[in-house]
Every structure is written in structure tokens, then in C-alpha cells.
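# Structural characterization, general
Below, each chain spelled out in residue letters.
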Amino acid sequence: MPLPAPDQLFGVYIHWPFCARVCPYCDFNVYAAKSRDTSALEAAILSDLKAHAKCTPNRKLTSLYFGGGTPSLCRPDFLKDVIELCETLWPSKVPIEITLETNPEDVTPGALNAWKAAGINRLSLGVQALNDEALKFLGRNHTRAQALTAIEAALSVFPNTTIDMIYARPGQSIEDWKGELSEALGTGAPHISLYELTIKEKTAFAKQVERERFIPLDDEAQADLYTETLSQCADAGLPAYEVSNHARSEAFWSRHNLTYWQSGEWLGIGPGAEGKINLDAGRTTTQAARKVSDYIEAVESTGTGWADSFTLSGREAAEEALILGLRSKMGVERAKLERLFGEPLNDVKLTSLKESGHLLEEDGRLKLTEEGWLLADYISVELTP
Ligand code: SF4
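Description of the structure in this document. Once a new chain begins, its residue numbering starts again from 1 and follows that chain's sequence as written. The predicted nature of this model means local features are confined to residues of pLDDT at least 70 and side-chain atom pairs, given and counted, to a pLDDT of 80 or more, with totals for whole chains, interfaces and linings taken over all residues.

## Some thoughts on the site of the ligand
- Around the ligand, the neighbouring residues are Cys19, Val22, Cys23, Cys26, Phe28, Val30, Gly68, Gly69, Thr70, Asn103 and Gly126.
- Gly is put with the polar residues, along with every residue not named as nonpolar or charged; the nonpolar set is Ala, Val, Leu, Ile, Met, Phe, Trp, Tyr, Cys and Pro, and the charged set is Asp, Glu, Lys and Arg. Classifying every residue of the shell around the ligand by side-chain character gives six nonpolar, five polar and no charged. By definition, a residue lies near a molecule or strand when the C-beta atom built from its backbone is within 6 Å of it.

Pasting the structure below:
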């Protein structure tokens, strides 16, 4: 699948808000699945897509992402309906990356074949850990053995499978993580996303930390684990192409995530989903209603599920392009930044960051080095005129 040019990335994100159980670290807009009739939500999502098509004519779809929540709980026929509708609304001549997030316990031969038949061509597996004690701590429903079996089964049907892992867990040593990461890399998955455990407000983990049930790793220990992660992945042939994402080659870079990092356009469909589209008024953030019933009501009464939308100023759009653009190896186009900021970047600061080995400028694009990724937020502030 060739990589589209940064300005041609156009994605659709579908948020399916239900999960078998809610993990203690998760701050996404999710609800326990229970047994529910989801037909009204399915109908609202399909209507919302049609309404969005009216304000995004002539776009060519490059990626479709079913996230959540746990979208693998959706009926395969619904996934198929969404895929076919998107292909009709934003026809594209290039192959479309179509990703489904799933959990290891949902991966069965029957499910894999049904997802493939529906049109999915990339799986994102929420493995999170390859250690039963850690999986219990993270509140996951699967075991290490189930995760390994699921990865093997997924790869046999979807060669483009990515796995998500969470590290920098309380008490995790570099040695422990090296062993676990080595096993994850040894599965043969061509893409791996590695996230440090962060304690988000209002989650069950935030309460546990407040009650001193566990102590999160300090910044220094996290930075050491991050450095180890970068070098181990590179040695295994999956170098980082973004702060937390590693791939065997450009062919496996996530088109959908690149759309975010390159400030492309994407539609946020489903309860609580956020989108970014370029309208006549300027770059616009759309925010769908969070509660499922509010979302359905918004679609039925106004056409889209938006609870809110606001237009970014040129400066806000520039800051977004800078912060997100520096996250990936593609970097960010300097001329675009200067146009959006309405003034040149500070040459003295640029030169100093290049001399210290944190930043490169290639073909008119600013890119962070691996040392630079450790200081990505600081560097974005430094470069803001
Ligand atoms: S399965 Fe994923 S989306 Fe659902 S609660 Fe757990 S981390 Fe959040």
C-alpha cells in the first residue's frame, strides 16, 4: 500500500463506545457492553456519515478506522455497511487502510474470517502485556497465552496486524520489560505501538494512586525504559516512525495515525468522537455528543452527531501542525508553519536545536531526531514564534 502524500490524507474514525468491561486506566468515552440493542446507534452512525459527506465533497478516502471502545463487538454486517458507504461517499483510486481494534479474547477463526469478508484489512490488537500478573493489574480479560495465540491467528489472516502494549508499569524493571518486549517483537507483528502507562484523571487508577494503592514510575525510570524501547525495537528491525509507534517498513506505517500527525482531515463519527475538517471558515474541530442517547438524538434532529464545533485561528492551526507534525518521522513542512503562524520561525533557536542533535531540516521539513523525541513537547514550545 503506497504512502499517500501528507496533504492527501483523509480519514474516517468510527467510535464504538462499548467494552466488555471498563479498564481501570482508560479515560475514553466507553460504557460496559451488557446486552443492548444497538440498532439505533448503527442507524445514527450511517446517517451521520451521509451528513458529513455534504460538507466534505471531492475528498478521497485514504483510511477508515473502527476504534472505541471495542468495535470488534460490532456485527460484521454493520462493519461491511459502513465500509461500503464510505467507499461510495468518498471514492478513492488508492487502496484504503481499514483498521479494526480488537481484544485478544475476541479473536477466533470465525471472527477473523468474518472481519476479512466485511472488508477489514488491518487489525489492531489490544495485547497490553505478556505477563499474567500485569494483565490482571491492568484489568484485562485475557491471559498471556490467549494474547500469544490471538497474535498468531490474527497474523495468519491479516499480515498487517499491529499490537498495542503498555509499559512503565509500577515496579517494572528494565530487565522485565526487555524480556516482555523481546517476546512481543518475536511474534512477527510488523507494527507495534508502545505506550507508557499514564494515570489519567477520573479513572479507577487515579483513585488508587490517590489512596496510595500503588506508586507510578517516576519520570527518570520512564525515560530509561523509553530509551531502551527505542533501541530494542530498532535492533529487531522495527524502528520508531513516531514517538510511540514502530514498524517494519513504511508499508506498515499507520495511514490513519499519520492523518492526525500530519494535520490532515478526518471525520469523527460516533458518540464522543472528535473530527477535524477544513471548511470555508477554516480548520474546524467537531465534537460529537458523548452520551449514546444524546448522539442518536443529535443525528436525528440536526443531521450530524455534533454537540459542538469551533474554528481554529491560523495560530492555533499552526501550533497543532507543529506539535503533531514533530511526533512522526515525516516531520512538518516549515513553509506551511510559517504561513500559518504569519511569521518566520526563530532561526537562532532552530540552529541551536540542530547543533545539539535534536532537530533536522530535510527537503523543507523539520524533523526530530530520537534524542529530540524525548523532548518533543519542550521543542514545540521553543519553536513557537
Ligand atoms: S478495552 Fe480499550 S477502550 Fe475498552 S475500556 Fe479497556 S482500554 Fe478502554
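## Let's talk about the sheet that holds strand β15 (residues 332–333)
- A strand pair is defined by DSSP finding two or more bridges across the two strands. A helix here means a DSSP run of H or I that spans at least four residues, while a strand means a run of E at least two residues long, and both kinds are numbered starting from the N terminus. The strand order β15-β17-β16 describes an open sheet built from three strands, whose pairing is antiparallel. This sheet does not close on itself; its edge strands, each paired only once, are β15 and β16 (359–362).
- Alignment of β16 against strand β17 (residues 365–368), held across four bridges, turns out to be antiparallel. Bridge pairing links Glu361 to Leu366 in β17.

## A word on the nonpolar core
- Buried Ala, Val, Leu, Ile, Met, Phe, Trp, Tyr and Cys residues form a nonpolar core when they are connected through C-beta atoms within 7 Å. Residues are called buried when their C-beta atom has 20 or more other C-beta atoms within 10 Å, exposed when it has 12 or fewer, and partly exposed otherwise; all C-beta atoms are positioned from the backbone. Counting residues in hydrophobic clusters, the biggest one holds 81 residues, and the most contacted among them are Val12, Ile14, Leu79 and Met165.
- We call two residues in contact when their backbone-placed C-beta atoms lie within 7 Å. Once residues lying within four places of it in the same chain are set aside, the contact partners of Leu79 are Phe66, Cys74, Leu100, Trp115, Ala118 and Ile120.
- Core analysis: the next-biggest nonpolar cluster, separate from the first, contains 15 residues, Ala321, Leu359, Ile379 and Leu383 among them.

## Considering the packing of helix α1 (residues 39–55) against helix α2 (residues 76–89)
- Think of each axis as a best-fit line through the C-alpha atoms, taken over the contacting stretch in the case of a helix, with angles from 0 to 180 degrees between the N-to-C directions. Put simply, α1 and α2 touch, their axes get as near as 10 Å, and they point 10° apart. Judged by the angle between their axes, α1 and α2 are roughly parallel. Of α2, the residues touching α1 (which contributes Glu42, Ile45, Leu46, Leu49 and Ala53) are Phe78, Asp81, Val82, Leu85, Cys86 and Leu89.
- Classifying every residue of the contact of α1 with α2 gives nine nonpolar, no polar and two charged. Convention used here: angles under 35 degrees read as roughly parallel, angles over 145 as roughly antiparallel, angles from 65 to 115 as roughly perpendicular, and any remaining angle as oblique.

## Considering the pairing of strand β11 (residues 265–269)
- The buried count for β11 comes to four of five residues, which makes it a mostly enclosed element.
- In this sheet, β11 lies alongside strand β1 (residues 10–16) in parallel orientation, the contact comprising five bridges. What sits directly across from Tyr13, in β11, is Gly268.

## Looking at the pairing of β1
- Burial within β1 is extensive, with seven of its seven residues counted as buried.
- Because side chains alternate across β1, one face comprises the buried residues Phe10, Val12, Ile14 and Trp16, and the other comprises Gly11, Tyr13 and His15, equally buried.
- Sheet analysis places β1 next to strand β4 (residues 63–68), joined by six bridges and oriented parallel. Counterpart to Ile14 in the pairing with β4 is Phe66.

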